[in-house]
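# Geometric and topological summary
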Amino acid sequence: MVKYYCGDKMKLINDIGNFLKTLNFADLVFFFAVLVLMILVVTLIYFIRTNKEDGSMDLDETTEMKIAREISKDIDDVDSPNIAFTDYEKDQENKAIISYEELLKKTNDYELNYEKEEQFDDLKVKKVNLDNVGTIKEVRERPKIEVRVISYAEEEAFLKALKTLQKNLG
C-alpha cells in the first residue's frame, strides 16, 4: 500500500511537470501571478477574521489625532479664542473686507445681481448675471470735507520757526 501511495505521488508530480512544460512564458507568468494573488486574498481574509475575533481595536491616540481634536474643539468654541488680540488687531479684523459683496455692502451704493444661488454642504455658490452685473442704489450726498489751506507767507514763517527750533535743540 505504501508503494501505491508513493506511485500516486510521483504520478501527480509528473503530471504537474508535464502541465508546466506545455505552457509558454506568458502563460507561466499569468499562472503564478494568479496563484500568488489567491494566496494573498486567503491571507487577507485570515487577518480580517482574526482581528474581528479579537474585538479590541483600541488604537493609541497619535500626536496628529490630538492636534486635530484640539483644532476641532477650538473651532466649535468660537466665543473664547486662544489668541489675545490687541486693540489694533481687533479694529483691523472688524474693518476687514473679505469678499466683493462685503465691499459693495460697505459702500452702500451698489448691489450685485445674481442669476441663481446653489448650496453645496456649507458652501454657497452664486452665479452673477453678467448682462446686468450690478444696480446702483439711491445715491446719498456725501458730507463735504472742508480743507483749510494756509497762505505761502504763513507756510514760510512756520518753516522758519521749525528751523530755529531745530538749531536750538541741536
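Refer to the preceding data block for the structure.
Residues numbered from 1 in each chain as written. Predicted model: local features only at pLDDT ≥ 70, side-chain atom pairs only at ≥ 80, totals over all residues. Heavy atoms only, no water.

What follows deals with the pairing of strand S3 (residues 123-128). As judged from the six bridges shared by strand S2 (residues 114-120) and S3, these two strands associate in the antiparallel manner. Residue pairing across strands places Glu117 opposite Lys126, the latter belonging to S3. Between S2 and S3, which pair antiparallel in sequence order, lie two residues; one of them, Asp121, sits at a positive phi of approximately 55°. (Pairing = 2+ DSSP bridges. Helix = DSSP H or I, 4+ residues; strand = E, 2+ residues; numbered from the N terminus.)

What follows concerns the environment of Thr50. Locating Thr50 in the fold gives a position in helix H2 (residues 25-54). Thr50 sits in the partly exposed class, given a relative accessible area of 23%. Within the structure, the side chain of Thr50 is placed 2.9 Å from the backbone oxygen of Phe47, a separation counted as a polar contact. (Buried < 20%, exposed > 50% of the residue type's maximum accessible area, 1.4 Å probe, protein only. Polar contact = N/O pair within 3.5 Å; in protein donor to acceptor, adjacent residues only side chain to side chain.)

Glancing now at unusual backbone geometry. Phi is positive for Asp121, which is not a glycine, with a value near 55°. Its place among the elements puts Asp121 in the loop between S2 and S3.

On the surface, a cluster of nonpolar side chains totalling about 450 Å² of accessible area is made up of Phe19, Phe31, Phe32, Leu35 and Ile39. Among the elements that take part in the nonpolar patch, H2 stands out by supplying four residues, more than any other. With respect to the secondary-structure elements, Phe19 resides in helix H1 (residues 2-22). Phe19 gets classed as partly exposed once you look at its relative accessible area, which sits at 42%. (Patch = residues over 30% accessible without salt bridge, like charges linked within 9 Å, V, L, I, M, F, W, Y side chains within 5 Å. Areas by Shrake-Rupley, 256 points an atom, 1.4 Å probe, with all protein chains shown as cover. Salt bridge = Lys/Arg side-chain N within 4 Å of Asp/Glu carboxyl O.)

Right, let's get into the packing of aromatic side chains. Tallied over the full model, the rule gives three aromatic pairs. Ring geometry for Phe19 and Phe31: centres 5.9 Å apart, planes at 70°, overall edge-to-face. Of this pair, Phe19 sits in helix H1 while Phe31 sits in helix H2; the two residues are twelve residues apart in sequence, bridging distant segments of the chain. Between Phe31 and Phe32 the ring centres are 5.4 Å apart and the planes differ by 70°, which places this aromatic pair in the edge-to-face class. (Phe/Tyr/Trp six-rings, centres within 6.5 Å; stacked < 30°, edge-to-face > 60°.)

For the rest of this paragraph, the subject is the pattern of salt bridges. In this structure the tally under the stated criterion is four salt bridges. The closest approach of N and O atoms between Lys127 and Glu115, which form a salt bridge, is 3.5 Å. Residue Lys127 is located in strand S3, and its partner Glu115 is located in strand S2; the two are separated by twelve residues in the primary sequence. The partly exposed category is assigned to Lys127, whose relative accessible area is 44%. Glu115 sits in the partly exposed class, given a relative accessible area of 46%.

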